[in-house]
Amino acid sequence: MSLLNVSVTEFTNQLASKTSVPGGGGASALVSSIGIALGDMVGEFTVGKKTYADVEEDIKALMTEAKSLQNQLLECIDEDAKAFEPLSKAYSISKDDPKRDAIMEKCLKDAAAVPFKILELCGKAIDLQEEFANKGSKIMISDAATGVALLSGAMKGAAVNVKVNTKLMKDRDYANELDCKVEELLNKYIPKADRIYADVISRL
């Protein structure tokens, strides 16, 4: 069953239980989808207001992008669960099995791919939140700041879920390259998220 069809209560109960999924990746996807949804909300309260007529078309475009990101991030919840299940099974393969290393390597790469996707989507979402904070209704910018704070946390969560898999990969060139990409995204977007948040606080 899709995790998108369970209630918030059930999702959090599953997170808290002794099960493999959902886990950190799925949680990061959910949090980041909520984060960008808050930006979309800023847009909803901006469009149609005379005060913001000069940026209305920009806001509408941002809202379209935000909705797309929100949906992609929600899809990552199930994608992460599907990618992790084969890995959890691979750990039980006997170390004497000659196929074990190849199976583990593929599963590790697949398991790392989804949180990396979440990481990239979060970066795009933070870029959008900056626009919502700068152009959106002044009475709603606290929601843009809340959204960017959630996105920052989700990025960190996604990053560690990439690295827990790259750490075990035999293909160190691939692992190191992916780790470098993770660090580049973190180094670009975590400080940016902090700046957006601080800027909104200074304007309240």
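Calculation rules
- Residues numbered from 1 in each chain as written.
- Predicted model: local features only at pLDDT ≥ 70, side-chain atom pairs only at ≥ 80, totals over all residues.
- Heavy atoms only, no water.
- Helix = DSSP H or I, 4+ residues; strand = E, 2+ residues; numbered from the N terminus.
- Buried < 20%, exposed > 50% of the residue type's maximum accessible area, 1.4 Å probe, protein only.
- Polar contact = N/O pair within 3.5 Å; in protein donor to acceptor, adjacent residues only side chain to side chain.
- Contact = heavy atoms within 4.5 Å.
- Core = buried A, V, L, I, M, F, W, Y, C linked by side-chain atoms within 4.5 Å.
- UniProt positions renumbered as here; feature names shortened; annotations may be inferred.
- Patch = residues over 30% accessible without salt bridge, like charges linked within 9 Å, V, L, I, M, F, W, Y side chains within 5 Å.
- Areas by Shrake-Rupley, 256 points an atom, 1.4 Å probe, with all protein chains shown as cover.
- Salt bridge = Lys/Arg side-chain N within 4 Å of Asp/Glu carboxyl O.
- Expected span 1.5 Å × (residues − 1).
- Bend = angle between axes of the 7 residues up to and from the residue.
- Disulfide = S-S within 2.5 Å.
- Axes fitted to C-alpha atoms, helices over the stretch in contact; angles between N-to-C directions.
- Parallel < 35°, antiparallel > 145°, perpendicular 65-115°, else oblique.
- Left-handed = near helix turned anticlockwise from the far one by under 90°.
- Nonpolar A, V, L, I, M, F, W, Y, C, P; charged D, E, K, R; others polar.

## Topic: the side chain of Thr-46
For step 1, the next point in the chain: Position of Thr-46 relative to the elements: it lies in the loop between α2 (24–44) and α3 (56–90).
For step 2, the next point in the chain: The exposure class assigned to Thr-46 is buried, which follows from its relative accessible area of 1%.
For step 3, the next point in the chain: A polar atom in the side chain of Thr-46 sits 2.7 Å from the backbone oxygen of Val-42.
For step 4, the next point in the chain: Excluding anything up to four places from it in sequence, Thr-46 contacts Tyr-52, Ile-59, Lys-135, Gly-136 and Ser-137.

## Quick notes on the nonpolar core
For step 1, the next point in the chain: Membership of the largest hydrophobic core comes to 60 residues, with the highest contact counts inside it found for Ile-118, Leu-119, Ile-126, Phe-132 and Met-155.
For step 2, the next point in the chain: At 16 residues, the largest contribution of residues to this core is made by helix α4 (residues 100–135).
For step 3, the next point in the chain: Residues within four places of Leu-119 in sequence aside, it is in contact with Met-155, Ala-158, Ala-159, Val-182, Leu-185 and Leu-186.

## Considerations on the UniProt feature "coiled-coil region" (unreviewed entry) in the chain
For step 1, the next point in the chain: When the UniProt feature table is mapped onto this chain, "coiled-coil region" (unreviewed entry) is found at residues 52–79.
For step 2, the next point in the chain: Within residues 52–79, the helical portion is 86% and the strand portion 0%, while the C-alpha atoms at the span's ends are 38 Å from each other.

## Some points on a nonpolar patch on the surface
For step 1, the next point in the chain: A surface patch of nonpolar side chains, amounting to about 310 Å² of accessible area, comprises Tyr-197, Ile-201 and Leu-204.
For step 2, the next point in the chain: With respect to the element layout, Ile-201 can be found in helix α6 (residues 172–203).

## As for α3
For step 1, the next point in the chain: A rise of 1.5 Å per residue sets the reference length of α3, with its 35 residues, at 51 Å; its end C-alpha atoms lie 51 Å apart and thus fit the reference within 8%.
For step 2, the next point in the chain: The largest bend in α3 amounts to roughly 25° and is located at Ile-77.

## Focus on the UniProt feature "domain: Cyclodeaminase/cyclohydrolase" (unreviewed entry) in the chain
For step 1, the next point in the chain: In this structure's numbering, the residues bearing the UniProt feature "domain: Cyclodeaminase/cyclohydrolase" (unreviewed entry) are residues 7–183.
For step 2, the next point in the chain: Overall, residues 7–183 shows 79% helix and 0% strand. The separation of its end C-alpha atoms is 34 Å.

## A closer look at the pattern of salt bridges
Pairing of side chains with opposite charge becomes possible as their charged atoms draw close.
For step 1, the next point in the chain: Applying the stated criterion across every chain, the model contains 13 salt bridges.
For step 2, the next point in the chain: A salt bridge links Asp-40 to Lys-67, with the nearest nitrogen and oxygen atoms 3.9 Å apart. Remark: Lys-67 occurs in helix α3 and Asp-40 occurs in helix α2; sequence separation between them is 27 residues.
For step 3, the next point in the chain: Overall, the relative accessible area of 7% leaves Asp-40 in the buried class.
For step 4, the next point in the chain: Taking the relative accessible area as the measure of exposure, Lys-67 reaches 39% and is therefore partly exposed.
For step 5, the next point in the chain: Residues Lys-109 and Asp-171 are paired through a salt bridge, measuring 3.4 Å at the closest nitrogen-oxygen approach.

## Looking at the state of the cysteines
For step 1, the next point in the chain: Inspection of every chain in the model, using the stated rule, returns zero disulfides.
For step 2, the next point in the chain: The structure places no disulfide on Cys-107, whose sulfur is separated from the nearest cysteine sulfur, that of Cys-76, by 19 Å.
For step 3, the next point in the chain: In this model Cys-122 remains outside any disulfide bridge; the closest cysteine sulfur is found in Cys-76, 8.9 Å from its own.

## Some points on the side chain of Ser-28
For step 1, the next point in the chain: With respect to the helices and strands, Ser-28 occurs in helix α2.
For step 2, the next point in the chain: Ignoring sequence-local partners within four residues, the contact set of Ser-28 consists of Ile-118, Ala-154, Gly-157 and Ala-158.

## Re the environment of Ala-159
For step 1, the next point in the chain: Structurally, the position occupied by Ala-159 is in helix α5 (residues 141–166).
For step 2, the next point in the chain: The sequence separation of Ala-159 and Lys-124 amounts to 35 residues, and the corresponding C-alpha distance is 15 Å.
For step 3, the next point in the chain: Here Ala-159 is in contact with Leu-119, Val-182 and Leu-186, once residues within four sequence places are set aside.

## Section: the packing of α2 against α5
For step 1, the next point in the chain: Relative orientation of the contacting elements α2 and α5 amounts to 160°, with a least axis distance of 8 Å. It follows that α2 is roughly antiparallel to α5 by the angle criterion. Here α2 and α5 pass one another in a crossing that is left-handed. Contacts between α2 and α5 involve Gly-24, Gly-25, Ser-28, Val-31, Ser-32, Ile-34, Gly-35, Ile-36, Leu-38, Met-41 and Val-42 from the former and Asp-143, Ala-144, Thr-146, Gly-147, Leu-150, Leu-151, Ala-154, Gly-157, Ala-158 and Asn-161 from the latter.
For step 2, the next point in the chain: Residues that form the contact of α2 with α5 fall into these classes: 11 nonpolar, nine polar and one charged.

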